[in-house]
Amino acid sequence: MTEHETDRHTTDTTDSMDEPEEDEREEQKEAGDDDEQTVRPSDIDIHESIGNDTLDDLDVELENGGGSSTESTGVDLDEVVLEETKDDSKGLFDDLLSGEPIFENKEVLRPSYTPHELPHRTDQINQMATILVSALRGETPSNILIYGKTGTGKTASAKFVSQELESTSQKYDVPCEVEYINCEVTDTQYRVLAQLANKFIEKNHALIDDRLDSLRDLRSTAADDSERLSDTRFDTVDDVDERIADLETDREEMETVPMTGWPTDRVYSTFFEAVDYNERVVVIMLDEIDKLVEKSGDDTLYNLSRMNSELDNSRISIMGISNDLKFTDFLDPRVKSSLGEEEIVFPPYDANQLRDILQHRADIAFKGDALTDDVIPLCAAFAAQEHGDARRALDLLRTAGELAERSQADTVEEAHVRQAQDKIELDRVVEVVRTLPTQSKIVLFSIILLEKNGVHNINTGEVFNIYKRLCEEIDADILTQRRVTDLISELDMLGIVNAVVVSKGRYGRTKEISLSVPIDETEAVLLSDSRLGNIEDAQPFVQARFDN
Ligand code: ADP
Ligand code: MG
């Protein structure tokens, strides 16, 4: 049945018929008891009906024009529909909508939400502000490097400070601007410079348009009354025209940088000219700066950090934010000393601090009595174990709330938090496994096959043997045993396998490998990768190796 037919049917009946009286229904029930084929309105379950006679009958009925009783079932099908849509049974979303005792505003628990209050980060925020206030005085602030593990509030604090800085600069009308770049997304020198260049070109355009507007106003009044020019820097109307023409040329010459294709030095000089077009102090925030350096080296930072000596009108200051405490080890010493003029560390939160953070958010996110007393302390405790990660704490709280909501509970309980912890952990594993490079996936699959075949204390040699067979089977390149050993170490670091080195006395040392993630889920993720092709079919073949 098409949607259209359903619609028509329901509409017809709603228009033409009222709900059956109580006693009418009784009659139908009684009549139906004698007849095997009878469908009672109250018996109909939409899901069960699909594919059986009931719906077929409905179709026939509709073709005949609809709206009347059906002899074959002895029941007026219109009433059936009425029952379904109007009365005791609920639509797909009704149940979910009606019971909503949990969330008031779930968005507040999402990572995209920028909190207005950041408890336990006052020191770090004040340090940033003390350094950056120079920008509001027209001086160049020192470059800043911010360190801290994920979820310690670096991005949230930096964004908070940058909003304050920009709003204060507007209040006092000082030319100070903050540009925020997430280097995990914008991860090459070209892209960083192009993004900056285009931002400033856009700003310059707006600036030029403003000036042009006032100059054209001046031009038209001065044409009638040249006295108007007396308190301006123009002597004649021609001077004004000349200035207008200059600005128009400037505007035209500012060419936005395409996302690819230009030589990097052209992108750099375009950015340079755009930023120096006007007097201003610019703070460039490079979040996840370690990702940029990892992916494309330190050229970007080198170029940015030496710009001030060449800029005429503007000054830039760099604020780098890194999750990796050791990333400066990879930097050119000049870049390292220039970038690290000031360093601010964001230590992990402890369980008590996480409680405060969660409480602040929970007050806005949840309905009045939705949380039982254990929920926030437990989320805080779990996240404190996870290197004091506030993101994890918030994820846990949100997921626990969602699980409670899904099970139609009235409150979020400790059990929901524990379930949430398991779910998040499994999601993490699935995501890590899903995004492994193909070769690592084959290595991991080899370990899974060995475990599934009851091999304990798996050693690297055994993994390598299975790995080779699997590669042959799916036509993948075969890496050396050394490389496979490296890949196993990487899997160990990711927490997917556990590899311990054991001494075998005079036979040297070997690794004993075991899986540290749920085997079935992990296998399912691997098998869902089309690049691993028919690796599943290779199993019996591998298995046979253990038979002899
Ligand atoms: P990082 O950049 O250090 O990885 P974020 O700043 O992204 O961490 O913080 C992770 C999550 O925790 C975000 O949702 C953020 O709003 C929240 N958060 C972190 N610190 C605090 C805090 N002190 N108060 C309130 N929320 C916080
Ligand atoms: Mg961050």
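Note that the coordinates shown come from a computational prediction; the quantities given were computed from them, not determined experimentally.

About the criteria used
Residues numbered from 1 in each chain as written. Chains lettered and ligands numbered in written order. Predicted model: local features only at pLDDT ≥ 70, side-chain atom pairs only at ≥ 80, totals over all residues. Heavy atoms only, no water. Helix = DSSP H or I, 4+ residues; strand = E, 2+ residues; numbered from the N terminus. Buried < 20%, exposed > 50% of the residue type's maximum accessible area, 1.4 Å probe, protein only. Contact = heavy atoms within 4.5 Å. Areas by Shrake-Rupley, 256 points an atom, 1.4 Å probe, with all protein chains shown as cover. Near = heavy atom within 4 Å. Polar contact = N/O pair within 3.5 Å; in protein donor to acceptor, adjacent residues only side chain to side chain. Nonpolar A, V, L, I, M, F, W, Y, C, P; charged D, E, K, R; others polar. Domains from an automatic or database assignment. Pairing = 2+ DSSP bridges. Axes fitted to C-alpha atoms, helices over the stretch in contact; angles between N-to-C directions. Lys, Arg positive; Asp, Glu negative; His and termini not counted. Salt bridge = Lys/Arg side-chain N within 4 Å of Asp/Glu carboxyl O. pLDDT = per-residue confidence, 0-100. UniProt positions renumbered as here; feature names shortened; annotations may be inferred. Expected span 1.5 Å × (residues − 1). Left-handed = near helix turned anticlockwise from the far one by under 90°.

## Quick word on the overall build of the protein chain
Now for step 1: Counting secondary structure elements, the protein chain contains 23 helices and 7 strands.
Now for step 2: Counting only residues that meet the buried cut, the protein chain has 42% of its 548 residues in that class.
Now for step 3: In the protein chain, of all internal contacts separated by at least 6 residues, the share reaching a separation of at least 24 is 72%.
Now for step 4: Summed over all atoms, the accessible surface of the protein chain reaches about 29700 Å², with 45% contributed by carbon and sulfur.

## Looking at the site of ligand 1
Now for step 1: Of all residues adjacent to ligand 1, which total 21 residues, the nearest are Pro-119, Lys-154, Thr-155, Tyr-349 and Arg-361.
Now for step 2: The contact in question runs from an oxygen atom of ligand 1 to an N or O atom on the side chain of Lys-154, over 2.7 Å.
Now for step 3: A distance of 2.8 Å separates an oxygen atom of ligand 1 from a polar backbone atom of Ala-156.
Now for step 4: Notes on ligand 1: free accessible area 560 Å², of which the protein chains cover 96%.
Now for step 5: Residues of the shell around ligand 1, tallied by class, amount to 10 nonpolar, 5 polar and 6 charged.
Now for step 6: Both domains that meet at the shell around ligand 1, namely domain 1 (121-345) and domain 2 (351-430), each give it at least three residues.

## A closer look at unusual backbone geometry
Now for step 1: Here Asp-173, not a glycine, exhibits a phi torsion of approximately 55 degrees, which is positive.
Now for step 2: Counting through the fold element by element, Asp-173 comes out in the loop between helix H8 (154-171) and strand E2 (176-182).
Now for step 3: A relative accessible area of 67% means that Asp-173 is categorised as exposed.
Now for step 4: Of note in the backbone geometry, Gln-408 takes a positive phi value of approximately 60 degrees without being a glycine.

## Quick notes on the sheet that holds strand E1 (residues 144-147)
Now for step 1: Within the open sheet, the 5 strands sit side by side as E2-E3-E4-E1-E5. Their pairing is parallel. Looking at which strands have only one partner, the edges of the open sheet turn out to be E2 and strand E5 (342-345). On average, each strand axis in the sheet is tilted by 15 degrees relative to the strand beside it, whichever way the strands run.
Now for step 2: Across 4 bridges, E1 lies against E5 in parallel orientation. Looking at the pairing, Leu-145 lines up with Glu-343 of E5.
Now for step 3: Against the sheet, helix H7 (residues 122-136) touches E1, E2, strand E3 (280-287), strand E4 (314-322) and E5, its axis set at about 150 degrees to E5.
Now for step 4: H8 rests against E1, E2, E3 and E4 of the sheet, and its axis sits at about 155 degrees to E2.

## Regarding the side chain of Asp-290
Now for step 1: Position of Asp-290 among the secondary structure elements: in helix H12 (residues 289-296).
Now for step 2: Buried within the structure, Asp-290 lacks any salt-bridge partner; Lys-291 is the closest side chain of opposite charge, at an N-O distance of 4.8 Å.
Now for step 3: With sequence-adjacent residues up to four places away left out, Asp-290 is seen in contact with Ile-321, Ser-322, Asn-323, Asp-324 and Phe-327.

## A word on the pattern of salt bridges
Now for step 1: Within the structure shown, the criterion is met by 29 salt bridges.
Now for step 2: Salt-bridge contacts for Glu-177 lead to Arg-280; the nearest nitrogen and oxygen are separated by 3.8 Å. Here Glu-177 is found in strand E2, whereas its partner Arg-280 is found in strand E3, with 103 residues between them in sequence. Summarising the burial analysis for this pair, Glu-177 and Arg-280 share the class buried.
Now for step 3: Lys-199 is the salt-bridge partner of Glu-179, the closest N and O atoms lying 3.0 Å from each other. Remark: Lys-199 occurs in helix H9 (residues 189-224) and Glu-179 occurs in strand E2; sequence separation between them is 20 residues.
Now for step 4: Residues joined in a network through salt bridges with shared partners are Glu-177, Glu-179, Lys-199, Lys-203 and Arg-280.

## Topic: the confidence of the model for the protein chain
Now for step 1: Of the residues in the protein chain, 81% reach a pLDDT of 70 or more, and the chain-wide mean stands at 83.
Now for step 2: Confidence drops under pLDDT 50 across residues 1-85; counting only partners more than four residues distant or on other chains, this segment forms 74 contacts.

## Quick word on the UniProt feature "binding site: ATP" (unreviewed entry) in the protein chain
Now for step 1: Here the UniProt-annotated "binding site: ATP" (unreviewed entry) positions come out as Thr-152, Gly-153, Lys-154, Thr-155, Ala-156, Tyr-349 and Arg-361.
Now for step 2: Within the fold, Thr-152 resides in the loop between E1 and H8.
Now for step 3: Residues within four places of Thr-152 in sequence aside, it is in contact with Arg-121, Phe-346, Pro-347, Pro-348, Tyr-349 and Gly-388.
Now for step 4: The residues contacting Tyr-349, other than those within four sequence positions of it, are Pro-119, His-120, Arg-121, Gly-151, Thr-152, Gly-153, Leu-354, Ile-357, Gly-388 and Ala-390.
Now for step 5: A polar side-chain atom of Tyr-349 sits 3.2 Å from a polar atom in the side chain of Arg-121.

## Comments concerning helix H20 (residues 460-474)
Turn by turn, an α-helix covers 3.6 residues, leaving residues three or four places apart pointing in a common direction.
Now for step 1: Helix length check: H20 (15 residues) gives 21 Å between terminal C-alpha atoms against 21 Å at 1.5 Å per residue, within 8%.
Now for step 2: Within the span of H20, buried status applies to Thr-460, Val-463, Phe-464, Ile-466, Tyr-467, Leu-470, Cys-471 and Ile-474.
Now for step 3: Capping the start of H20, Asn-459 holds a side-chain oxygen 3.1 Å from the backbone nitrogen of Gly-461, two or three residues further along.
Now for step 4: Directly after H20, the chain includes Asp-475, whose backbone phi takes a positive value near 60 degrees.

## Notes on the environment of Ile-316
Now for step 1: Along the chain, Ile-316 falls in strand E4.
Now for step 2: A relative accessible area of 2% places Ile-316 in the buried class.
Now for step 3: For the pair Ile-316 and Glu-177, spaced 139 residues apart in sequence, the C-alpha to C-alpha distance is 9.5 Å.
Now for step 4: Once you skip the residues sitting within four places of it in the chain, Ile-316 turns out to touch Thr-140, Val-275, Val-282, Ile-284, Leu-304, Met-307, Asn-308 and Leu-311.

## Here we look at the packing of H7 against H8
Now for step 1: Interhelical geometry of H7 versus H8 gives an angle of 30 degrees and a closest axis separation of 10 Å. In the crossing of H7 with H8, the sense of the turn from one axis to the other is right-handed. Taken together, the residues of H8 that come into contact with H7 (itself represented by Ile-125, Met-128, Leu-132 and Leu-136) are Ser-157, Ala-158, Phe-160, Val-161, Leu-165, Thr-168 and Ser-169.
Now for step 2: Residues belonging to the contact of H7 with H8 are distributed by class as follows: 8 nonpolar, 3 polar and no charged.

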